[in-house]
Amino acid sequence: MRKLKYRGLRQHVVDEIGQRIVTGEFAVGKPLPGEMNLCKTLGVSRTPLREALRELAAKGLVVAKPKVGTLVRGENNWNFLDEDILAWRLKDHGSARVIEELYELRHLIEPIAASLAAKNAKQNDIAALQKAYAKMEAAGEDGEKVTEPDLNFHRAIIAASGNRLFSSLTHSISAALFINFDFMRDTPRGHRHFMRGHKAVLDAIMKQNSAAARVAMQALIEDSHRDARAVGTVSSKKTKRKAVSGR
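All figures in this text were calculated on a predicted structure; none of them were measured in a lab.

Asker: Just to check I follow, could you spell out unusual backbone geometry for this structure?
Answerer: Across residues other than glycine, the phi torsion is negative in most instances, and most of the peptide bonds are trans. The phi angle at Lys67 is positive, at roughly 65 degrees, despite the residue not being glycine. Positionally, Lys67 belongs in the loop between β1 (62-65) and β2 (69-72). Of note in the backbone geometry, Gln208 takes a positive phi value of approximately 60 degrees without being a glycine. Mapped onto the elements of the fold, Gln208 is located in the loop between α10 (195-206) and α11 (210-245). Residue class for Gln208 comes out exposed when judged on its relative accessible area of 57%.

Asker: Is there a simple way to think about the nonpolar core in this case?
Answerer: Note that soluble globular proteins tend to have their nonpolar side chains buried in a common cluster. In terms of nonpolar packing, the biggest core is built from 43 residues, with Leu129, Phe153, Ile157, Val201, Ile205 and Met217 touching the most fellow members. Among the secondary structure elements, those contributing two or more residues to this core are α4 (83-91), α5 (95-120), α6 (123-139), α7 (143-160), α9 (170-183), α10 and α11. No other element matches α5, which puts 10 residues into this core. For Ile157, the residues in contact, after removing those within four places along its chain, are Ala113, Ala114, Ala117, Leu129, Val201, Ile205 and Met217.

Asker: Would you take a moment to explain the packing of α5 against α7 for this structure?
Answerer: Think of two packed helices as two axes; the pair is described by the angle between the axes and how far apart they sit. The geometry of α5 relative to α7 is characterised by a closest axis approach of 7 Å and an angle of 65 degrees between their N-to-C directions. Handedness of the crossing formed by α5 with α7: left-handed. Between α5, through Arg106, Glu110, Ala113, Ala114, Leu116, Ala117 and Asn120, and α7, the contact on the second element is made entirely by His154, Ile157, Ile158 and Ala160. Its residues assigned to classes, the contact of α5 with α7 comprises seven nonpolar, two polar and two charged.

Asker: How should α4 be read in this particular structure?
Answerer: Helical geometry: 3.6 residues make up each α-helical turn, so side chains three or four residues apart lie on a common side. Residues Asp84, Ile85, Leu86, Trp88, Arg89 and Leu90 constitute the buried set of α4. The residue sitting at the N-terminus of α4 and contributing the capping side-chain oxygen is Asp82; that oxygen lies 2.9 Å from the backbone nitrogen of Asp84.

So, how was this worked out
Residues numbered from 1 in each chain as written. Predicted model: local features only at pLDDT ≥ 70, side-chain atom pairs only at ≥ 80, totals over all residues. Heavy atoms only, no water. Helix = DSSP H or I, 4+ residues; strand = E, 2+ residues; numbered from the N terminus. Buried < 20%, exposed > 50% of the residue type's maximum accessible area, 1.4 Å probe, protein only. Core = buried A, V, L, I, M, F, W, Y, C linked by side-chain atoms within 4.5 Å. Contact = heavy atoms within 4.5 Å. Axes fitted to C-alpha atoms, helices over the stretch in contact; angles between N-to-C directions. Left-handed = near helix turned anticlockwise from the far one by under 90°. Nonpolar A, V, L, I, M, F, W, Y, C, P; charged D, E, K, R; others polar. Polar contact = N/O pair within 3.5 Å; in protein donor to acceptor, adjacent residues only side chain to side chain.

These figures capture arrangement, not role.
Given below as structure tokens:
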């Protein structure tokens, strides 16, 4: 219990500093506030702060310089596929651009992965896809319950592709997909709407039809992209209304 509490404290520090870097509150090329200042502001001791700074350094957001302090690094050093960075950018005003980038990544990788899966999928891969699809069906319109099996469905396709480079990217791609699906929990047409597209991908892979699998995945992503834009537009309007009303 104590260990879990400590991890939560460290993540709190990572989130607070990371979000401020992404939004530009902590300027690129400038040192972060001093250790004592940060500890006081964030309400933590030096140990979780230092561990959080090491984690932020691994993500490419900061770098420690002797006699200077911990400097904020520019975007060209960031790991944009990191789940935390994706989440922080979504909270920023540029969230629409983040969603567009997520779909560009999906268009680049997933149709090819589906095509390869149709050629290379083994029985255990098919079983994993069927299991994920069945759990999506069972989740119905519950946006929270459908996220994990939907994510597993797409992970299984990448694994079934047999491409080891894709497999090496699974964690990063999974992070992007998780953020994408989490953002889409309130999709306007409901989650059952997308089951037909997932079924088309599954059927094509089971029939070992590479061309059909690629086209079906492309269509599924495009359909999801339309809803993501709709969700983003609604969210943007809500934000503007709150700003105008002062609430």
